[in-house]
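Each chain, written out:
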Amino acid sequence: MNPGVMTEYDYKARDAAGRAVRGRLRAASERDAAKRIAKGGLFVLRLRPVRKRWNLRRRMDRRFPVFFCRRLAVMLAAGVTVGESLRVLSGQARRGGDGDVIATLYRAVADGERLSDVMARLPWVFTPGIAAMVDAGEKSGSLDVLLSRLADSLEEDYAAREKLLTLMLYPCILALAVAVAAGFLLAFVFPVFVSMFQSLSIELPLPTRILLWIYDFIGDYGLWIAAAAIPAAFGLAAMYRRESFRVRADRLLLRFPVFGALAAAAERRRVSGTLAVLLGSGVVIDQALLLVEGVAENAFFRREIRRAHAAVQKGCLLSDAFRGKGLLPPMLLELLETGEATGEMEQMLEKISEFCRLDLNTRAERIRALLPPLALLLLGGTVGFILFSAVLPLLDSMTAFM
């Protein structure tokens, strides 16, 4: 037996005399553990794995569903059964994290459960949409084909998310660099000039007065602002956990210049691509919308998809349910309407997803080309303003003296 899929179980049982017995053993599955306990003449009262559920949540690579679906699809296409594929994958995986998830899937499938049912019990690893697509593949007998398409979709989704995060990380690093440079100059360089300004009998120029005001304001209120920022951050985090506030905040994010359009394109690509795969898997439109709601990461998109799902259940067309909600621009809504009229909605959703992917890539490349010169301009402008404001009074005094 492969030791990579052995699990430790705690059990409570009673012997023939009615005495309580507690113990721990290693077995390949819960059924195997129960059989071994029963062979010892004990009646099992409670049996559970020592590994707690939260252990499966730790150290999970966000790319794991992509790799898992891809490798499983290849093995199934080669004629290997689901159970045997999971056994091989479990033996190849490292202990902890990803390996624990695959071992959990293998044990459950070996006990007779369906793969999609087990995935549905691990929503922090596999989204409801993934579980639904696997369920459709199991029922249609084309699980290998569906897993391959699912891996393609997940791979594109991961690439789009990473591209967006990378682009949004650049301004954060730039802002930090500007703040560090300005703080260093104000803390260690500018104070040297302050004493000189006080000895000058000339009126200070406007840039210098502005910089002095900033310097005095930070000196007087800087600690208070820093102290207030911490509870304010915790307060905002607590408010963001409320659905109503999160919807408003995420909607505001979508309206943010430049990066809002990027976030919207990524969300539209994710929603339309997943919806296309679900419909191609045989999932009905209202059930597909219910699953896509769990795929969307933006709270505003989730709310509007939920409303669209309610409208579709009442007999409304999907294009009409999306119209005026901000989910799709008019041009893409017309494509969706054409797909509904011709019965090719899956193909049109794939075209919408592809258009959004190209739009995302184009915007990302444009921003990536503009960010370096903007970074130099902002950093150089900030440092130059501080140095210019510090030196300008000295130049004025020298001019007046001459």
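Scroll up a little and you will see the structure.
1. Section: the overall build of the chain
Secondary structure summary: the chain contains 16 helices and three strands in total. In terms of C-alpha radius of gyration, the chain reaches 30 Å, well past the compact-globule figure of 21 Å for 402 residues. Projected onto the principal axes, the alpha-carbon positions of the chain cover approximately 105 × 65 × 40 Å. Looking at the chain as a whole, 39% of its 402 residues are labelled buried. When contacts within the chain are restricted to residue pairs at least 6 apart in sequence, those whose partners lie at least 24 apart make up 62%. On the chain, roughly 22,100 Å² of surface is accessible, and the fraction owed to carbon and sulfur atoms is 62%. One way to put it: in the chain the 54 positive side-chain charges average out to a point 8 Å from where the 41 negative ones average out.

2. Here's the deal with a nonpolar patch on the surface
Together, Trp213, Phe217, Ile218, Tyr221, Trp224 and Ile225 make up an exposed nonpolar region whose accessible area comes to about 720 Å². Within the fold, Tyr221 resides in helix α9 (residues 206-240). Since its relative accessible area comes to 44%, Tyr221 is described here as partly exposed.

3. Some details on the pattern of salt bridges
On inspection of all chains with the given rule, the structure shows 21 salt bridges. One salt bridge in this structure joins Asp320 and Arg323, with 3.7 Å as the shortest N-O distance. Asp320 gets classed as partly exposed once you look at its relative accessible area, which sits at 36%. Assessed through its relative accessible area of 38%, Arg323 is described here as partly exposed. Notably, a salt bridge pairs Arg368 with Glu365, separated by 2.6 Å at the nearest N-O pair. Within this pair, Arg368 and its partner Glu365 are both found in helix α16 (residues 345-401), separated by three residues, close to a single helical turn. The network of salt bridges with shared partners includes Arg114, Asp117, Asp135 and Glu138.

4. Things to note about the nonpolar core
Counting 79 residues, the largest nonpolar core has Phe68, Leu105, Met119, Phe126, Leu147 and Phe322 as its most contacted members. Discounting residues that sit within four places of it in the chain, Phe322 has contacts with Leu289, Ala308, Leu327, Leu328, Leu333 and Leu336. Core analysis: the next-biggest nonpolar cluster, separate from the first, contains twelve residues, Leu186, Phe190, Leu211 and Ala390 among them.

5. Brief notes about the side chain of Arg107
For Arg107, the location among the structural elements is in helix α5 (residues 98-110). Using a relative accessible area of 10% as the deciding quantity, one classes Arg107 as buried. There is a polar contact of 3.3 Å between the side chain of Arg107 and the side chain of Thr104.

6. Re the packing of aromatic side chains
Aromatic rings in a pair are described by how distant their centres are and how their planes are angled relative to each other. One pass over the full model with this rule turns up seven aromatic pairs. Consider the rings of Phe68 and Phe126, whose centres lie 5.7 Å apart with planes at 55°: the pair is tilted. Highlighted residues: Phe68 in helix α3 (residues 64-77) and Phe126 in the loop between α6 (115-120) and α7 (128-140), separated in sequence by 58 residues. Summarising the burial analysis for this pair, Phe68 and Phe126 share the class buried. Taken together, the aromatic side chains of Phe64, Phe68 and Phe126 make up a single cluster linked through ring pairs.

7. Looking at the packing of helix α4 (residues 82-92) against α5
Where α4 contacts α5, the axes come no closer than 9 Å and their chain directions differ by 150°. Judged by the angle between their axes, α4 and α5 are roughly antiparallel. Considering how the two elements wind past one another, α4 and α5 form a crossing that is left-handed. Residue-level inspection shows Val82, Gly83, Leu86, Arg87, Leu89 and Ser90 of α4 in contact with α5, the latter providing Ile102, Ala103, Leu105, Tyr106 and Val109. Looking at the contact of α4 with α5, its residues break down into eight nonpolar, two polar and one charged.

8. Focus: α3
A rise of 1.5 Å per residue sets the reference length of α3, with its 14 residues, at 20 Å; its end C-alpha atoms lie 20 Å apart and thus fit the reference within 8%. Regarding α3, the residues found buried are Phe64, Pro65, Val66, Phe68, Cys69, Leu72, Ala73, Met75 and Leu76. Positive phi shows up at Gly79, right after α3, with a value of about 95°.

9. Details of the packing of α7 against helix α11 (residues 259-280)
Packing of α7 against α11 brings their axes to within 9 Å, and their N-to-C directions diverge by 20°. One finds that α7 runs roughly parallel with respect to α11. Considering the relative orientation of α7 and α11, their crossing is left-handed. Within the contact between the two elements, α7 uses Gly129, Ala132 and Met133 and α11 uses Thr274, Val277 and Leu278. Along the lines of polarity and charge, the residues of the contact of α7 with α11 split into four nonpolar, two polar and no charged.

10. Digging into the environment of Glu365
For Glu365, a relative accessible area of 44% corresponds to the partly exposed category. It is 9.6 Å that separates the C-alpha atoms of Glu365 and Leu167, two residues lying 198 residues apart in sequence.

11. Let's talk about a positive patch on the surface
A grouping of Arg31, Lys35, Arg36 and Lys39 is seen on the molecular surface, where their side chains present a positively charged patch. Take Lys39: it is sitting in helix α1 (residues 30-39). Judged by its relative accessible area of 74%, Lys39 falls in the exposed class.

About the criteria used
- Residues numbered from 1 in each chain as written.
- Predicted model: local features only at pLDDT ≥ 70, side-chain atom pairs only at ≥ 80, totals over all residues.
- Heavy atoms only, no water.
- Helix = DSSP H or I, 4+ residues; strand = E, 2+ residues; numbered from the N terminus.
- Rg over C-alpha atoms; globule rule 2.2 N^0.38 Å.
- Buried < 20%, exposed > 50% of the residue type's maximum accessible area, 1.4 Å probe, protein only.
- Contact = heavy atoms within 4.5 Å.
- Areas by Shrake-Rupley, 256 points an atom, 1.4 Å probe, with all protein chains shown as cover.
- Lys, Arg positive; Asp, Glu negative; His and termini not counted.
- Charge placed at Lys NZ, Arg CZ, Asp CG, Glu CD.
- Patch = residues over 30% accessible without salt bridge, like charges linked within 9 Å, V, L, I, M, F, W, Y side chains within 5 Å.
- Salt bridge = Lys/Arg side-chain N within 4 Å of Asp/Glu carboxyl O.
- Core = buried A, V, L, I, M, F, W, Y, C linked by side-chain atoms within 4.5 Å.
- Polar contact = N/O pair within 3.5 Å; in protein donor to acceptor, adjacent residues only side chain to side chain.
- Phe/Tyr/Trp six-rings, centres within 6.5 Å; stacked < 30°, edge-to-face > 60°.
- Axes fitted to C-alpha atoms, helices over the stretch in contact; angles between N-to-C directions.
- Parallel < 35°, antiparallel > 145°, perpendicular 65-115°, else oblique.
- Left-handed = near helix turned anticlockwise from the far one by under 90°.
- Nonpolar A, V, L, I, M, F, W, Y, C, P; charged D, E, K, R; others polar.
- Expected span 1.5 Å × (residues − 1).

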